[in-house]
Amino acid sequence: SDLLDASKRSLMENKKRTRIQAAEMYHVPHVTTFGFTVQEEEPARNIDPAKAKALGVSPAGKKYELLKHGYSVYTDDGEVEVMPDQVLLPQTKYSRKITVVGDNAKWTDAMKTLAQNSDVLVHEATLLEEDKDLVERGHSTASMAGGGGAED
């Protein structure tokens, strides 16, 4: 699809890493189905150059990149260790998380936990509301999908 292609292009262009995780869903007994989350790596925070310079870390070399990714470095003279929190600006960008589930009649606690704080939920719904008595066959209604991992 165009949305998926655009997402892949965006991820490749930004060289962002993604983490894909899965958790079991409840379908019917003896049939295993899974839901998935796809989450970007948290973006690196920016450095306050004035603070870094005042502490003895110049922008030359790899020290800024290490600090941005949460690693401490030594000052340019090698005398003092500088911690990331001493020079990093507040977080302004956050990773995105998408949850995709289908072919289920109920969310497991593991999937509810995994899907927490998702930005987007894609959930298949096989049944109409008037077919709700067929949920025992392992499928969801639209209102069940809309409720996501909400308590039953």
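A brief look at the structure comes next. In this text, all values refer to a predicted model and were calculated from it rather than measured experimentally. (Residues numbered from 1 in each chain as written. Predicted model: local features only at pLDDT ≥ 70, side-chain atom pairs only at ≥ 80, totals over all residues. Heavy atoms only, no water.)

The full count for this structure, using the stated rule, is three salt bridges. Here Glu40 makes a salt bridge to Arg96, at a shortest N to O gap of 2.4 Å. Here Glu40, found in strand E2 (residues 31–40), pairs with Arg96, found in the loop between strand E4 (81–82) and strand E5 (97–101); they are 56 residues apart in sequence, far enough to count as distant. Judged by relative accessible area, which is 8%, Glu40 ranks as buried. Here Arg96 falls in the partly exposed class, since its relative accessible area comes to 45%. Asp76 is the partner of Lys63 in a salt bridge, and the nearest nitrogen-oxygen pair spans 3.2 Å. (Salt bridge = Lys/Arg side-chain N within 4 Å of Asp/Glu carboxyl O. Helix = DSSP H or I, 4+ residues; strand = E, 2+ residues; numbered from the N terminus. Buried < 20%, exposed > 50% of the residue type's maximum accessible area, 1.4 Å probe, protein only.)

With that settled, consider the sheet that holds E5. What the four strands build is an open sheet, ordered E1-E2-E5-E6; its pairing is mixed. Looking at which strands have only one partner, the edges of the open sheet turn out to be strand E1 (18–28) and strand E6 (120–123). In this sheet, neighbouring strand axes are inclined to one another by 15 degrees on average, regardless of whether the strands run parallel or antiparallel. Note: E1 against E2, 10 bridges, orientation antiparallel. Pairing of Ala23 across the sheet is with Gly35, part of E2. (Pairing = 2+ DSSP bridges. Axes fitted to C-alpha atoms, helices over the stretch in contact; angles between N-to-C directions.)

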